[in-house]
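# A structural walkthrough
As a plain string of letters, each chain reads:
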There are 2 protein chains.
Amino acid sequence: MKAAIVLLSGGLDSATAAAIARTEEYTLYALTIDYGQRHRVELEAARRLAENLGVARHVVQQLDLRAFGGSALTADIPVPKDQLSIHPKTQRAAGFSPRGGTHSDDFGHALNSSDIPITYVPARNTIFLSLALAYAETTGAADIFIGVNALDYSGYPDCRPEYIARFQELANLATRAGVEGQHLRIHTPLIQLTKAEIIHRGTELGVDYGLTISCYDPAADGAACGHCDSCLIRRRGFEQAGVNDPTRYIS
Amino acid sequence: MKAAIVLLSGGLDSATAAAIARTEEYTLYALTIDYGQRHRVELEAARRLAENLGVARHVVQQLDLRAFGGSALTADIPVPKDQLSIHPKTQRAAGFSPRGGTHSDDFGHALNSSDIPITYVPARNTIFLSLALAYAETTGAADIFIGVNALDYSGYPDCRPEYIARFQELANLATRAGVEGQHLRIHTPLIQLTKAEIIHRGTELGVDYGLTISCYDPAADGAACGHCDSCLIRRRGFEQAGVNDPTRYIS
């Protein structure tokens, strides 16, 4: 059996990416980072998903990014509510236009710093992929799955396809595995999908979205706020997909 | 004042790299990773060095790489003693040949997996540089200093000049700072220096090497074993430099 590392946050996207890896017959090694995120109830969601997916091993790595701060997710900065701040060209990927839910090949645009939301966590994906790389080397896995997608890269520099391609090159220079000629690959099976398309695909694969949490600012019991960007996008995605959203929203 | 992140392990190289950054009139922000290393007395050395250097802030980030293992430094694997395993072409950089202590421009060679020692920690520098990148973004620093050198890259893939260059490219794609056009740079002021040259340079700059610890397998009181690769290389470096080695060796 071939092994893959799956970055599992507890959210909708990573659950779907992991389910796709499983259909490709990888043995899954899940990695979740407890980074001091405001929405730490997602860690419990990640544990439930890892069990549900039947992973071979689940590492929950502690790493307190509040030491650096600089984000609404890791510092005392309010999470914006009811003011979706995504690039006009990508509103379609999120289903916020009449043509929502269609394919997203044309969503790419040059990223400006004004497009980057306050929920951006400095260097987060570089840190997470680096940890996945360490896990891959010691597991003998040549494949890493991450759930970045078209919607993410409208605002987060470290979700863009060119960033992922560059990280893959780095991974092969950085490691014993690369020196040994094992070609390490970063898989982004959702990168060209809209939110509705992701939900469709996951539903086909039997992902239990009731186990996932997307909210950036949830209640202690895991109920979603219903008003942060992540909730607004999730709700609309389910609507556009015509799939029942099992999330418990506060309002 | 311009700010720089300095990766400070507590060893000889990073202490020298930090001292060089200081002469270039950066305000120093030190970063040390408590990664579950066998030689954790180096963390105390890093604290003493940070104080001695007068850094503006010192973050000691906890990150337990024993969750992944795979190295003599992070797993229950013995540290090799009295069997220096470095590439013949780089023995000169370490001062283990009559011509030792000279310049190391010609030390580069294609890395084979047999050259990589068991003290290699999977993806370590990628993880450390990623954390330095997060710290840089939230500090407003565009410069990161790391003490990799010719001797390291004889065996560690993530110390090679081509690896560092690739990480720098990635850093500028990965971050808000990069999107904003701030050019992030990874500085490797020791990369072409032999161990003796590093000690010469640090001595000129007033580095107190008595504060540093290089040993991979020290006693609880910080005394160095005197027999691991790191001790053998350090001892020879001081001999070749004609500088008194202030290290307390067990034998």
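As the structure is a computational prediction, the values presented were derived from the model and not from experiment. (Residues numbered from 1 in each chain as written. Chains lettered and ligands numbered in written order. Predicted model: local features only at pLDDT ≥ 70, side-chain atom pairs only at ≥ 80, totals over all residues. Heavy atoms only, no water.)

Let us now look at the interface of chain B and chain A. Each partner contributes to the interface: chain B provides 44 residues, whereas chain A provides 44 residues. Both faces combined, the contact of chain B with chain A buries some 3,800 Å², and carbon together with sulfur accounts for 67% of it. Interface area lost by chain B to chain A is led by B:Phe68, B:Leu173 and B:Arg176, which between them contribute 20%. Viewed at the interface, chain A and chain B are joined by 2 salt bridges. Where B:Glu169 meets A:Arg166, a salt bridge forms, and the shortest distance between an N and an O atom there is 2.7 Å. Broken down by element, the residue count for the side of chain B that touches chain A peaks at 9 residues, all from helix 3 (residues 124-139) of chain B. When grouped by side-chain class, the residues that make up the side of chain B that touches chain A number 24 nonpolar, 10 polar and 10 charged. (Contact = heavy atoms within 4.5 Å. Buried area = accessible area lost by both parts, 1.4 Å probe. Salt bridge = Lys/Arg side-chain N within 4 Å of Asp/Glu carboxyl O. Helix = DSSP H or I, 4+ residues; strand = E, 2+ residues; numbered from the N terminus. Nonpolar A, V, L, I, M, F, W, Y, C, P; charged D, E, K, R; others polar.)

Moving on: the relation of the copies chain B and chain A. Overlay of chain B on chain A (RMSD 0.0 Å): rotation 180 degrees, translation along the axis 0.0 Å. The transformation relating the two chain copies, once decomposed into turn and shift, fits a two-fold axis. Here 100% of the contact residues of chain B are again contact residues in chain A; the copies associate through an equivalent surface. (Least-squares fit on C-alpha atoms with pLDDT ≥ 70 in both.)

What follows is about the pairing of strand 3 (residues 57-62) of chain A. In the case of a regular strand, side chains alternate between the two sheet surfaces. Residue and element names in this part refer to chain A. Of the pairings in the sheet, the one linking strand 2 (residues 26-34) to strand 3 comprises 6 bridges and is parallel in character. Note on strand 3: the bridge partner recorded for Tyr29 is Arg57. Regarding the hand of the β-α-β motif, the stretch spanning strand 2, helix 2 (residues 41-53) and strand 3 is right-handed. (Pairing = 2+ DSSP bridges. Right-handed = clockwise from strand over helix to strand, strands pointing away.)

All names here are of chain B. If you trace the 5 strands from one edge of the open sheet to the other, you get 3-2-1-4-5, paired in parallel fashion. In the strand order of this sheet, the two ends are held by strand 3 (57-62) and strand 5 (185-187), each with one partner. Sheet twist, expressed as the mean angle between neighbouring strand axes with direction ignored, is 25 degrees. Examined bridge by bridge, strand 1 (residues 2-7) and strand 2 (residues 26-34) share 6 bridges and lie parallel to one another. Counterpart to Ile5 in the pairing with strand 2 is Tyr29. Against the sheet, helix 1 (residues 12-23) contacts strand 1, strand 2 and strand 4 (143-145), and its axis sits at roughly 160 degrees relative to strand 2. (Axes fitted to C-alpha atoms, helices over the stretch in contact; angles between N-to-C directions.)

On to the environment of A:Arg124. Residue and element names in this part refer to chain A. When you line up the elements, Arg124 lands in helix 3 (residues 124-139). On the basis of relative accessible area, Arg124 is assigned to the buried category, the value being 18%. Between the alpha carbons of Arg124 and Asp158 there is a distance of 7.8 Å; along the sequence they are 34 residues apart. Setting aside its immediate chain neighbours within four residues, Arg124 contacts Tyr35, Leu73 and Asp158. (Buried < 20%, exposed > 50% of the residue type's maximum accessible area, 1.4 Å probe, protein only.)

The nonpolar side chains of soluble globular proteins are, as a tendency, buried together. Judged by nonpolar contacts, the single largest core of 109 residues is most densely connected at A:Leu31, A:Leu131, B:Leu31 and B:Leu131. Residues contacting A:Leu131, with those up to four places away along its chain left out, are A:Leu31, A:Ile33, A:Gln61, A:Leu63, B:Leu63, B:Leu65, B:Phe68 and B:Ile127. (Core = buried A, V, L, I, M, F, W, Y, C linked by side-chain atoms within 4.5 Å.)

Scanning the entire structure with this criterion turns up 28 salt bridges over all chains. Note that A:Arg40 and A:Asp34 form a salt bridge whose closest N and O atoms lie 3.0 Å from each other. The exposure class of A:Arg40 is partly exposed, given its relative accessible area of 44%. Of the charged contacts, one joins B:Arg66 and B:Asp64 as a salt bridge, the two residues approaching to 3.0 Å between their closest N and O atoms. Through salt bridges with shared partners, one network takes in A:Arg166, A:Glu169, B:Arg166 and B:Glu169.

Take the side chain of A:Thr74 next. Residue and element names in this part refer to chain A. Within the element layout of this structure, Thr74 appears in the loop between strand 3 and helix 3. Residue Thr74 is classed as buried on the basis of its relative accessible area of 5%. If we ignore the near neighbours within four places in the chain, the residues touching Thr74 are Tyr35, Gly36, Leu65, Arg66, Gly69 and Val121.

As a further point, take the packing of helix 3 of chain A against helix 4 (residues 161-174) of chain A. All names here are of chain A. Interaxial distance between helix 3 and helix 4 falls to 11 Å at its minimum, and their mutual angle equals 35 degrees. Pair helix 3 / helix 4 crosses with right-handed handedness. Contacts between helix 3 and helix 4 involve Asn125, Thr126, Leu129, Ser130 and Leu133 from the former and Tyr163, Ile164, Phe167, Ala171 and Ala174 from the latter. For the contact of helix 3 with helix 4, the per-class residue count stands at 7 nonpolar, 3 polar and no charged. (Left-handed = near helix turned anticlockwise from the far one by under 90°.)

With that settled, the discussion passes to the packing of aromatic side chains. Here the structure, examined in full by the defined rule, presents 10 aromatic pairs over all chains. Aromatic side chains A:Tyr135 and B:Phe68 sit 5.3 Å apart centroid to centroid with 35 degrees between the ring planes, which places their arrangement in the tilted category. Of this pair, A:Tyr135 sits in helix 3 while B:Phe68 sits in the loop between strand 3 and helix 3, placing the two residues on different chains. The two residues A:Tyr135 and B:Phe68 agree in class, both being buried. Where B:Tyr209 meets B:Phe238, the ring centres are 5.7 Å apart and the plane angle is 85 degrees; that geometry is what we call edge-to-face. With B:Tyr209 in the loop between helix 6 (195-204) and helix 7 (229-241) and B:Phe238 in helix 7, this pair connects stretches of sequence that are 29 residues apart. For the pair B:Tyr209 and B:Phe238, a shared accessibility class is recorded, and that class is buried. Put simply, the rings of A:Tyr29, A:Tyr135 and B:Phe68 touch in pairs and so form one group of aromatic residues. The ring of A:Tyr249 has A:Arg235 sitting right over it, with the charged end atom 3.9 Å from the ring centre. (Phe/Tyr/Trp six-rings, centres within 6.5 Å; stacked < 30°, edge-to-face > 60°. Lys NZ or Arg CZ within 6 Å of the ring centre and 35° of its normal.)

Residues and elements named next belong to chain B. A rise of 1.5 Å per residue sets the reference length of helix 1, with its 12 residues, at 16 Å; its end C-alpha atoms lie 17 Å apart and thus fit the reference within 8%. Most of helix 1 is tucked away: 10 of the 12 residues are buried. Residues of helix 1 that are buried make contact with strand 1, strand 2, helix 2 (41-53), strand 4, helix 6 and helix 7. Positive phi appears at Glu25, one or two residues downstream of helix 1, with a value of about 65 degrees. (Expected span 1.5 Å × (residues − 1).)

Next up on the list: helix 2 of chain A. Residues and elements named next belong to chain A. Taking 1.5 Å of rise per residue, the 13 residues of helix 2 would be expected to cover 18 Å, and the 19 Å separating its terminal C-alpha atoms lies within 8% of that figure. Among all positions of helix 2, only Val41, Glu42, Leu43, Ala45, Ala46, Leu49, Ala50 and Leu53 are buried. The inward-facing, buried residues of helix 2 abut helix 1 (12-23), strand 2 and strand 3. Looking one or two residues beyond helix 2, the residue adopting positive phi is Gly54, at roughly 65 degrees.

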